[in-house]
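Here is how the chains run, residue by residue.
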Amino acid sequence: MVKYLLTRLLSMVAALWVIITLTFFMMHIIPGGPFATERKLPPEILANVEAHYHLNEPVWKQYADYLGSLVHGDLGPSYKYFGRTVNGIIRDGFPVSATLGALALSFALLVGLATGIVSALRHNGWQDYLAMVLSTFGFSVPNFIVAGLLMYVFAYWLGWLPAAMWGTPQQAVMPALALAALPTAIIARLMRSNMLEVLQQDYMRTARSKGLSERAVVWRHALRNAVTPIVTYLGPLVASVFTGSFVVETIFGIPGLGRYYVSSISDRDYTVILGVTIFYAAFLMFMNFLVDLAYVILDPRVKLVDRKEL
Amino acid sequence: MPKGKKLFLLTTSLFAVLMLLLAGCGGNNTASSSSNQTINYAPGDEPQTLDPAKATGLPDATIINAAFEGLTRYDKSGNPSPGIATSWDISPDKLTYTFHLRSDAKWSNGDPVTAQNFVDGWLRALDPATASEYAYQLYYIKGAEAYNEKKGDASGVAVKAVDDHTLQVQLTAPAPQFLGLTSFQTLMPIDGQVVKAHADWAASATNYVGDGPFKMVSWVPHQEIKMVKNPYYWDAANVKLDNLNFITVEDDNTQYTMFKNGQLNFEYNVPLAQVAQLKAGNNPDFKIMPEAATYFYRFNVTKKPLNDPRVRQALALAINREQIVTDVTKAQQTPAFAFVPPGFNDANGSDFRQNGGDYFKEDVAQAQKLLAEAGYPGGKGFPALSILYNSGANHQEVAEAIQAMWQKNLNINVTLHNEEWQAYLNDMSKLNYDVARAGWMPDYMYPMTFMDMFVTGGGNNETGWSNPDYDALIQKAKTSDAGTPAAFADMHQAEKILMTQMPITPIYFYTQPVLIKPELKDVIIPPFGVQAEFRWAYVGK
């Protein structure tokens, strides 16, 4: 077990290093730079600015320095927003994105699971068809359309909800729903097919033949087995909804982390590109790790051992 | 289906509980204050910095202008007028400016504003370690350029505090724009004590101090900067707004919805798709303001066939600009037949553009003739031409219109090349293009801010064009003729050369469509410098 954890940790660090290195050199290859503007800077002034951020040094040295400060947990200053650090940007933005993500995730889980279960139990009934039509919408309509539609109806047309910004519960409703649409649909479909499969299993027949009530059969035997694949999907899902969505946060004016994944690249804000990439990658790996741990609890057949120990 | 229903109820109620819980810890940062003297304004972008020495963007300048005041401030009609300085003397040779500062000026923390604060602010902007991108706005001052370029030191910069309320500045050459520049953010004073104690004073509301009409109380990045009236401002009695909030939500469609449902009462960037409809509907909230800026196309003169002025003239003459502004951009822009936009004073105080007039006329027959003279009769043998433009705004639609006009009028093959902003800037500066779209807005209110762009090797030339007569005229206007009416004559002449040689062709002079509630009074939306001036603003009926 300890050995497994250590190997896992080491492989995560190695993967992170590869990601950092690739990102670092790729972003220096793309044309432009953080201080290229329409109004050209006089060369002497550009020299002052580049010296200030050590951008005048050779790229390999910048890379080594970056790794050096990264070890100390310092992600550097933003080149675009003077006076702000990447650590500060993540510290400010992540709690907001995570709160919104938690709302979206709870909605997706509650509604998605319930819909999936009901669909499976009422297989080919009208409830099933309705749920599957709705989930097809959730699947195929991109979130900027969902977001735009919600805003048009509830903010522009009906005027029930504020159009944008963050801080009140009313302001969280639309972005949470827009963010939840796709995962809700995915969870509903996954849950439905898992349930349908489980309900066909021999042990279900055994349970029924033992004389257990239908309720006990479904809740105790079917659900637990059907939910395991959902847990697999939860790892990457949590990582993506908690770290913010560019589209949803931009449309609803949410001061989260999502915007930086895209804007940092068009701004050539090198340190922010690296910072949010590292943060997202580390978070994703950690979530996947948690998922693997969860299997041990959910499925007694799974044990955390090194392959050689088998 | 009782089980399903129960589950559904459970689900929704759980979600509702969660929302409520979160609401409890979220706090309320949008509750409007009880005062109706409140402006909720969307500048369109998060400011890059609110440090006056480092700021370059328009939203940044607008917010700083609310929190700061320089020696002068532009008045309602657009002239530099007394700010922290009540009066000034200019020496007969126009090289020495002596500013007399008001004695009742205070910082938002109560400290007095002194002449030394200006010396500190200007030297800080020039200090190479500050890495200010706009340091060159101070290069008019003797010794400033040398200090910023590490060829001299701070003591060589000719700005000094004669006493607490007298500031003396020496310029390298007469510069009529200098007085207006003292209202520009790079030339703001700083409260030296605060800046010394808190290196990051400008990064949050905690230590932010200004000497202007408003005072920052909070700053949530990409959300909102809240300001209130600054009680220490020397003219606080005449500041009528209680709250001035800069809502930094970036998406313009979102801003539009926020304006519609009352979260905003003033929005600078109207979505392009809405402009025509708002204009047609005579919406009382919708205004189109003039802007001193030019939309133009650069020609890469180092490349065949664009190295031939006749080809460039033919291309310029074969564009129907009226059609572009009525059918494509649709916001009452003016077709441009010269480079410097209207709004700049000429020698006698009249308009520079009006005096200079138009330098060419659209004429398809003449364009075809020029093209034939250049060796491409009927467009025959003319290589395919590519138009480079950046994504966003309606650059694509404008390029498509021009592509169609050139193909139809000149029978040449034109392709479009769209690039992301940084890639576009990179290709333009490396002359890796045929024709490229561009825009230019002034740094200061003097035509030189447009006219010196195309000198040989100039950083913003980016066409490869070089003309000794043009260079000589610009040089003369900046040195021997500086500060005299002859400088304007030089610039008129230089513009004529530019518009005959045509390394660029102007397309139109910009406008700025805005949405502002009619009850907002005395909000000044000037044609350059800042998006809006709120010093005199109030909410009326």
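Calculation criteria
Residues numbered from 1 in each chain as written. Chains lettered and ligands numbered in written order. Predicted model: local features only at pLDDT ≥ 70, side-chain atom pairs only at ≥ 80, totals over all residues. Heavy atoms only, no water. Helix = DSSP H or I, 4+ residues; strand = E, 2+ residues; numbered from the N terminus. Buried < 20%, exposed > 50% of the residue type's maximum accessible area, 1.4 Å probe, protein only. Rg over C-alpha atoms; globule rule 2.2 N^0.38 Å. Contact = heavy atoms within 4.5 Å. Areas by Shrake-Rupley, 256 points an atom, 1.4 Å probe, with all protein chains shown as cover. Lys, Arg positive; Asp, Glu negative; His and termini not counted. Charge placed at Lys NZ, Arg CZ, Asp CG, Glu CD. Pairing = 2+ DSSP bridges. Axes fitted to C-alpha atoms, helices over the stretch in contact; angles between N-to-C directions. Buried area = accessible area lost by both parts, 1.4 Å probe. Salt bridge = Lys/Arg side-chain N within 4 Å of Asp/Glu carboxyl O. Polar contact = N/O pair within 3.5 Å; in protein donor to acceptor, adjacent residues only side chain to side chain. Phe/Tyr/Trp six-rings, centres within 6.5 Å; stacked < 30°, edge-to-face > 60°. Lys NZ or Arg CZ within 6 Å of the ring centre and 35° of its normal. Parallel < 35°, antiparallel > 145°, perpendicular 65-115°, else oblique. Left-handed = near helix turned anticlockwise from the far one by under 90°. pLDDT = per-residue confidence, 0-100.

Structural notes on the overall build of chain A
Line of reasoning, step 1. The secondary structure content of chain A amounts to 12 helices and 0 strands.
Line of reasoning, step 2. Listing each helix as α and each strand as β along chain A from the N terminus yields α-α-α-α-α-α-α-α-α-α-α-α.
Line of reasoning, step 3. Over its C-alpha atoms, taken along the principal directions, chain A stretches across nearly 85 × 65 × 30 Å.
Line of reasoning, step 4. Classification of the 310 residues of chain A by burial places 48% in the buried group.

Overview of the overall build of chain B
Line of reasoning, step 1. Scanning chain B from N- to C-terminus turns up 17 helices and 19 strands.
Line of reasoning, step 2. Relative to the compact-globule value of 24 Å for 541 residues, chain B shows a C-alpha radius of gyration of 26 Å, a close match.
Line of reasoning, step 3. For chain B, buried positions account for 57% of its 541 residues.
Line of reasoning, step 4. Excluding contacts between residues fewer than 6 apart, the proportion of contacts in chain B whose partners are at least 24 apart in sequence is 68%.
Line of reasoning, step 5. Of the accessible surface of chain B, which amounts to about 20800 Å², a share of 52% is contributed by carbon and sulfur atoms.
Line of reasoning, step 6. Distance between charge centres in chain B, computed from 43 positive and 56 negative side chains, equals 5 Å.

What about unusual backbone geometry?
Residues and elements named next belong to chain B.
Line of reasoning, step 1. Residue Pro305 is bonded to the preceding Lys304 through a cis peptide linkage, with omega at -5 degrees.
Line of reasoning, step 2. We note that Asn282 has phi near 45 degrees; this positive angle belongs to a residue other than glycine.
Line of reasoning, step 3. The phi angle at Ala393 is positive, at roughly 45 degrees, despite the residue not being glycine.
Line of reasoning, step 4. Here Ala393 shows up in the loop between β14 (385-390) and α13 (395-410).

Observations concerning the sheet that holds strand β6 (residues 159-163) of chain B
All names here are of chain B.
Line of reasoning, step 1. Taken in spatial order, the 4 strands line up as β4-β5-β7-β6 in an open sheet, and their pairing is antiparallel. Looking along the sheet, the strands with just one partner apiece sit at the ends: β4 (85-90) and β6. Averaged over all pairs of adjacent strands, the angle between their axes in this sheet comes to 20 degrees, without regard to strand direction.
Line of reasoning, step 2. Judged from the 4 bridges that link them, β6 and strand β7 (residues 166-170) form a sheet pairing that is antiparallel. Bridged to Val159 within β7 is Val169.
Line of reasoning, step 3. Here helix α3 (residues 115-126) sits on the sheet in contact with β5 (96-101), β6 and β7, set at roughly 165 degrees to β6.

Some thoughts on the interface of chain B and chain A
Line of reasoning, step 1. Contact residues are listed per partner, giving 66 residues for chain B and 59 residues for chain A.
Line of reasoning, step 2. Both faces considered, chain B and chain A share a buried interface measuring about 5500 Å² in area, 62% of it formed by carbon and sulfur atoms.
Line of reasoning, step 3. Note that Arg268 of chain A is salt-bridged to Glu420 of chain B, the shortest N-O span being 2.8 Å.
Line of reasoning, step 4. At the junction of chain B with chain A, the criterion picks out 21 residue pairs in polar contact (both at pLDDT 80 or more).
Line of reasoning, step 5. For the side of chain B that touches chain A, the secondary-structure elements that each account for two or more residues are α1 (2-26), α7 (252-260), α14 (421-429) and β16 (435-440) of chain B.

Topic: the pattern of salt bridges
Line of reasoning, step 1. As enumerated under the stated definition, the model contains 28 salt bridges over all chains in all.
Line of reasoning, step 2. A salt bridge links Lys80 of chain A to Asp267 of chain A, with the nearest nitrogen and oxygen atoms 3.8 Å apart. Taken together, the positions of Lys80 of chain A in the loop between α3 (59-71) and α4 (86-121) and Asp267 of chain A in the loop between α11 (258-266) and α12 (270-298) put the pair 187 residues apart, joining distant regions of the chain.
Line of reasoning, step 3. Residues Glu462 of chain B and Arg298 of chain B are paired through a salt bridge, measuring 3.6 Å at the closest nitrogen-oxygen approach. One end of the pair, Glu462 of chain B, is in the loop between α15 (448-451) and α16 (468-478); the other, Arg298 of chain B, is in strand β12 (residues 286-299), with 164 residues separating them in the sequence. Taken as a pair, Glu462 of chain B and Arg298 of chain B share a single burial class, namely buried.
Line of reasoning, step 4. Here the residues in one salt-bridge network are Lys40 of chain A together with Arg298 and Glu462 of chain B, joined through shared partners.

What to know about the packing of aromatic side chains
Line of reasoning, step 1. Scanning all chains against the criterion turns up 47 aromatic pairs over all chains.
Line of reasoning, step 2. Between the aromatic rings of Phe24 of chain A and Tyr63 of chain A, the centroid separation amounts to 5.3 Å while the plane-to-plane angle is 65 degrees, which identifies the pairing as edge-to-face. Here Phe24 of chain A is found in helix α1 (residues 2-29), whereas its partner Tyr63 of chain A is found in helix α3, with 39 residues between them in sequence. Each member of the pair, Phe24 of chain A as well as Tyr63 of chain A, carries the same accessibility label: buried.
Line of reasoning, step 3. Taking 5.4 Å as the distance between ring centres and 20 degrees as the angle between the ring planes, the aromatic pair formed by Trp201 of chain B and Tyr208 of chain B counts as stacked. The residues Trp201 of chain B and Tyr208 of chain B share a single accessibility class, namely buried.
Line of reasoning, step 4. Taken together, Trp88, Tyr97, Phe99, Phe118, Trp122 and Phe178 of chain B form an aromatic cluster joined through their ring pairs.
Line of reasoning, step 5. The ring of Tyr81 of chain A carries the charged tip of Arg84 of chain A above its face, separated from the ring centre by 5.9 Å.

A word on the side chain of Asp490 of chain B
Residue and element names in this part refer to chain B.
Line of reasoning, step 1. Relative to the elements of secondary structure, Asp490 occurs in helix α17 (residues 485-501).
Line of reasoning, step 2. The exposure class assigned to Asp490 is buried, which follows from its relative accessible area of 5%.
Line of reasoning, step 3. Once residues lying within four places of it in the same chain are set aside, the contact partners of Asp490 are Leu473, Lys476, Ala477 and Asp481.

Description of the pairing of β16 of chain B
All names here are of chain B.
Line of reasoning, step 1. With 6 of its 6 residues buried, β16 lies for the most part within the structure.
Line of reasoning, step 2. Burial along β16 is two-sided: the face carrying Val435, Arg437 and Gly439 and the face carrying Ala436, Ala438 and Trp440 are both buried.
Line of reasoning, step 3. Where β12 lies against β16, 6 bridges are found, and the strand directions are antiparallel. Across the sheet, Tyr297 pairs through a bridge with Arg437, a residue of β16.
Line of reasoning, step 4. As judged from the 2 bridges shared by β14 and β16, these two strands associate in the parallel manner. Its bridge partner lying in β16, Ile387 is registered against Val435.

Thoughts on the packing of helix α5 (residues 126-140) of chain A against helix α7 (residues 169-199) of chain A
Residues and elements named next belong to chain A.
Line of reasoning, step 1. Viewed as axis vectors pointing N to C, α5 and α7 meet at an angle of 140 degrees, and their least axial separation amounts to 8 Å. The pairing of α5 with α7 is recorded here as oblique in orientation. Regarding α5 and α7, the two cross each other, and that crossing is left-handed. Residue-level contacts link Asp128, Met132, Ser135, Thr136, Gly138 and Phe139 of α5 to Ala181, Leu182, Ala185, Ile186, Arg189 and Arg192 of α7.

Thoughts on the confidence of the model for chain B
Interpretation of this model should avoid reading the predicted coordinates in detail wherever pLDDT is low.
Residue and element names in this part refer to chain B.
Line of reasoning, step 1. Taken over all residues, the pLDDT of chain B has a mean of 92, while the share at 70 or more is 94%.
Line of reasoning, step 2. Long-range and interchain partners of residues 1-33, a stretch whose pLDDT sits below 50, account for 39 contacts in this model, where long-range means more than four residues apart.
Line of reasoning, step 3. Across the whole predicted complex the pTM is 0.91, and at the interface the ipTM reaches 0.90.

Here's the deal with the environment of Gly138 of chain A
Residues and elements named next belong to chain A.
Line of reasoning, step 1. Looking at where Gly138 falls in the secondary structure, it is placed in helix α5.
Line of reasoning, step 2. As a C-alpha pair, Gly138 and Ile30 span 108 residues in sequence and 35 Å in three-dimensional space.
Line of reasoning, step 3. With residues up to four places along the chain from it excluded, the contact list for Gly138 reads Ala181, Leu182 and Ala185.

Focus on the environment of Asn117 of chain B
Residue and element names in this part refer to chain B.
Line of reasoning, step 1. Among the secondary structure elements, Asn117 is positioned in helix α3.
Line of reasoning, step 2. Overall, the relative accessible area of 7% leaves Asn117 in the buried class.
Line of reasoning, step 3. Note: C-alpha distance between Asn117 and Val311 (194 residues apart in sequence) is 54 Å.
Line of reasoning, step 4. Excluding residues that lie within four positions of it along the chain, Asn117 makes contacts with Trp107, Pro112, Pro189, Ile190, Asp191 and Gly192.

Comments concerning α7 of chain B
Residues and elements named next belong to chain B.
Line of reasoning, step 1. Taken together, the buried positions of α7 are occupied by Thr254, Gln255, Tyr256, Thr257, Met258 and Phe259.
Line of reasoning, step 2. A distance of 3.0 Å separates the backbone nitrogen of Asn253 from a side-chain oxygen at the start of α7, and that oxygen is part of Asp251.
Line of reasoning, step 3. Phi turns positive one or two residues past the end of α7, at Gly262, with a value near 90 degrees.

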